[in-house]
Amino acid sequence: MIQRTRWSGVLALVLIVACAPASGSDDTTTSMSSPTTEAENPVPAFVGSMSVEPSSGPAGTEVTVRGEGLPPSESLELGWVTASGSWVLGGELSEEYEGREFTSITESMGTIETDGTGAFQTQLVVPEGFGFAHDVVVSDSTGTVLNKALFDVDIEVSISPTEGPPGTPITIDVKGIGWQTLEDTRTVMYDNDYVGFMSAVTTNGVARAVIPATGEPGPHQIQVLRGAYTFPYRNPAQSPRPDIPTFDFVFTVTDGEPVLPEEIEDQNPDPVRNAESPPSEGPWISADLASAPVGHPLVISGGGLEPDAELELEWFRIVGNRVSGQGWDELALSMGTVTTDADGEFSHEWAIPTDVGGPHRIEARSGDGTVAETWVSVLVSAEPLAVASAPWGTDFEVRLSGVGWTETANIYAVVYDNGYLGYACGFNTQGEVTVPLTMTGEPGWHFVDLYPAIYKGEEIPGRDNFRIPQLTAIDDHPGEDLPIFRYAFFIEG
């Protein structure tokens, strides 16, 4: 099932509205400043006129571009103006979230030849990417824009499949998410419960989320709404941007065997071997793994060191939190001592300790000095449920290890039967997270999903996606590559 909409580019020019919104409202008229400056692009020198037909449509639309009054008998460049998006991180260890950034880019769509009167006509196919307003431009050999016309890319949303038993993975695909204020966030509702948000900052306006089918047999409503300020915006027709569409779908839960998530052990990320070769000379240490979960065996090797030397190996960790007022610090944990052989080499077996996720420095020290260092990353992992079937009201726990400490990794958002319950933080407990829950709902299968989220940080005006489930985290999360964890359990009745 696919839905799409189109809108008039004229609305993009409206700068004054009848009523001024309150601070924090989705009814904002504040627009993002231009992604580029005049210094980055030649100053346009408009001559003649241009048009596109049709003036709106989804990606893949074939468009006729016409121009008149341009330099006669000249080769000109046809361009499609869009954007490139990125997440911005700051701090010495990229631990601070500083929002998203969009830079204007012009994609070449080939060359056109004007006739003796300065006219041309050509075809172009609208490329897949960000939605809403785009300029189609013609430029001369110096890159100077001679004229342009507006094309509005329709946003498209689809779900698949549209029916299935409990637990069926429902894929929500969105094409044409925008990059401007209010255009770059989609929020998802399931039976009037808030599931989370979808982004497409680094995926060129294309987003995909997967949620489980939940609830009793029968029809269930899925809505893909707007909502740049954390939660879904519920009266979009009265917004200064009523052109930003919403979408409604029906998924029918059928009888039959449930579609259960894979075993949690299989959802945990696999250790990654260190592919770098040790240097040919000089003191060095190296780990056999680049990343691994808590408790996984680790081998530290060294070479190019003083023969028959005793060295202290230390694992460095971040300790603290963001809410006590005491901040955090980097502390060392002893991994034991090693003695090099006659060739100045050693090998030391250890296990990844209970610690926050992300990169950790390992140092080989002699006295007060560091001889060599290497890095290993801790991966987040989840434990199986202790109780997978029980009566209504049974308490149970979801447990994670290796949850990170940065502003983009230190929390996981908890979703119960497609309803967002809240978040859990692992910074203060060195990556260990225990989420207490209670089995509620009708007898049958129920589902708990844990999504990465952005805890806090800075953001450009018109965005506030903090502390809510990022349904698109697999493809578009800032900073770390973090998994989504999915559980299922049965309420007896």
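Residues numbered from 1 in each chain as written. Predicted model: local features only at pLDDT ≥ 70, side-chain atom pairs only at ≥ 80, totals over all residues. Heavy atoms only, no water.

## Observations regarding the overall build of the chain
Helix and strand counts for the chain stand at two helices and 34 strands. When the backbone C-alpha atoms are referred to their principal axes, the chain occupies close to 85 × 65 × 40 Å. A total of 493 residues make up the chain; the buried ones form 51% of that total. Taking the intrachain contacts of the chain between residues at least 6 apart in sequence as the baseline, contacts between residues at least 24 apart amount to 70%. As displayed, the chain offers around 22000 Å² of accessible surface, 49% of which is attributable to carbon and sulfur atoms. (Helix = DSSP H or I, 4+ residues; strand = E, 2+ residues; numbered from the N terminus. Buried < 20%, exposed > 50% of the residue type's maximum accessible area, 1.4 Å probe, protein only. Contact = heavy atoms within 4.5 Å. Areas by Shrake-Rupley, 256 points an atom, 1.4 Å probe, with all protein chains shown as cover.)

## A closer look at the sheet that holds strand 22 (residues 310-320)
The strand order across the open sheet built from six strands is 18-20-26-25-22-23, with neighbouring strands paired in mixed fashion. Each edge of the open sheet is held by one strand with a lone partner, namely strand 18 (272-273) and strand 23 (328-339). Bridge analysis of strand 20 (residues 289-293) against strand 26 (residues 369-379) gives three bridges, and the strand direction is parallel. Its bridge partner lying in strand 26, Pro293 is registered against Leu379. (Pairing = 2+ DSSP bridges.)

## Let's talk about the side chain of Ser286
Examined against the element boundaries, Ser286 turns out to sit in strand 19 (residues 284-287). Relative accessible area serves as the criterion here: at 14%, Ser286 is assigned to the buried category. A polar contact is formed between the side chain of Ser286 and the side chain of Asn274, at a distance of 3.3 Å. Filtering out sequence-adjacent residues up to four positions away, Ser286 remains in contact with Asn274, Val299, Ile300, Ser301 and Thr374. (Polar contact = N/O pair within 3.5 Å; in protein donor to acceptor, adjacent residues only side chain to side chain.)

## Structural notes on the pairing of strand 25 (residues 358-366)
Along strand 25, seven of the nine residues are buried, which leaves the element largely enclosed by surrounding structure. Pairing analysis gives nine bridges linking strand 25 to strand 26, with the strands arranged antiparallel. Residue Arg361 lies in a different strand from strand 26, and its bridge partner there is Trp375. Hairpin connection from strand 25 to strand 26: two residues lie between these consecutive antiparallel strands, with Gly367 at a positive phi of about 65°.

## A few points about the nonpolar core
Core analysis: the largest hydrophobic core is formed by 36 residues, its most contacted members being Ile170, Ile172, Val174, Tyr190, Met198, Ile211 and Ile222. Broken down by secondary-structure element, the contributors of at least two residues to this core are strand 10 (156-160), strand 12 (169-175), strand 13 (186-190), strand 14 (193-198), strand 15 (206-212), strand 16 (218-226), strand 17 (247-253) and strand 30 (411-416). One finds Ala390, Phe396, Val448 and Leu482 within the second-largest nonpolar core, a separate group that totals 25 residues. (Core = buried A, V, L, I, M, F, W, Y, C linked by side-chain atoms within 4.5 Å.)

## Some points on the packing of aromatic side chains
One pass over the full model with this rule turns up 15 aromatic pairs. With a centroid separation of 5.8 Å and an interplanar angle of 75°, the aromatic rings of Phe130 and Trp179 are classed as edge-to-face. One end of the pair, Phe130, is in the loop between strand 7 (120-125) and strand 8 (132-139); the other, Trp179, is in the loop between strand 12 and strand 13, with 49 residues separating them in the sequence. Comparing Phe130 with Trp179, the two get one shared label, buried. Every member of this aromatic cluster is reached through a ring pair, and the members are Trp87, Tyr97 and Phe466. (Phe/Tyr/Trp six-rings, centres within 6.5 Å; stacked < 30°, edge-to-face > 60°.)

## Comments concerning the sheet that holds strand 27 (residues 381-382)
Taking strand neighbours across the sheet as the criterion, the three strands line up as 27-29-32 in an open arrangement whose pairing is antiparallel. The open sheet has two edge strands, strand 27 and strand 32 (433-438), and neither has a second partner. Sheet analysis places strand 29 (residues 395-401) next to strand 32, joined by six bridges and oriented antiparallel. Residue pairing in the sheet places Leu400 in a bridge with Val433 of strand 32.

## Things to note about the pattern of salt bridges
If you walk through the whole model with that rule in mind, you get 17 salt bridges. The partner of Arg241 in a salt bridge is Glu183, with the nearest N and O atoms 3.0 Å apart. Residue Arg241 is located in the loop between strand 16 and strand 17, and its partner Glu183 is located in the loop between strand 12 and strand 13; the two are separated by 58 residues in the primary sequence. Taken individually, Arg241 and Glu183 each receive the classification buried, so the pair is uniform in this respect. Residue Arg317 is joined to Asp355 by a salt bridge in which the shortest nitrogen-to-oxygen separation is 3.1 Å. In this pair, Arg317 sits in strand 22 while Asp355 sits in the loop between strand 24 (346-351) and strand 25, placing the two residues 38 residues apart along the sequence. Among the residues examined, Arg317 registers a relative accessible area of 17% and is labelled buried. (Salt bridge = Lys/Arg side-chain N within 4 Å of Asp/Glu carboxyl O.)

## Overview of the pairing of strand 29
Sheet analysis places strand 27 next to strand 29, joined by two bridges and oriented antiparallel. Note on strand 29: the bridge partner recorded for Ser381 is Ser401.

## A word on the environment of Val253
Along the polypeptide, Val253 turns up in strand 17. Taking the C-alpha atoms as reference points, Val253 and Thr187, 66 residues apart in sequence, are found 22 Å from one another. Not counting chain neighbours up to four residues away, the residues in contact with Val253 comprise Gly164, Pro165, Pro166, Tyr190, Ala213, Thr214, Gly215, Glu216, Pro217, Gly218 and His220.

## As for the confidence of the model for the chain
Mean pLDDT for the chain: 90, with 91% of residues reaching 70 or above. Contacts from residues 5-40, a stretch scored under 50 in pLDDT, to residues over four places away or in other chains number 58 contacts. (pLDDT = per-residue confidence, 0-100.)

## Quick look at the environment of Val224
Tracing the backbone shows Val224 in strand 16. For Val224 and Ile172, which are 52 residues apart along the polypeptide, the C-alpha to C-alpha distance reads 8.8 Å.

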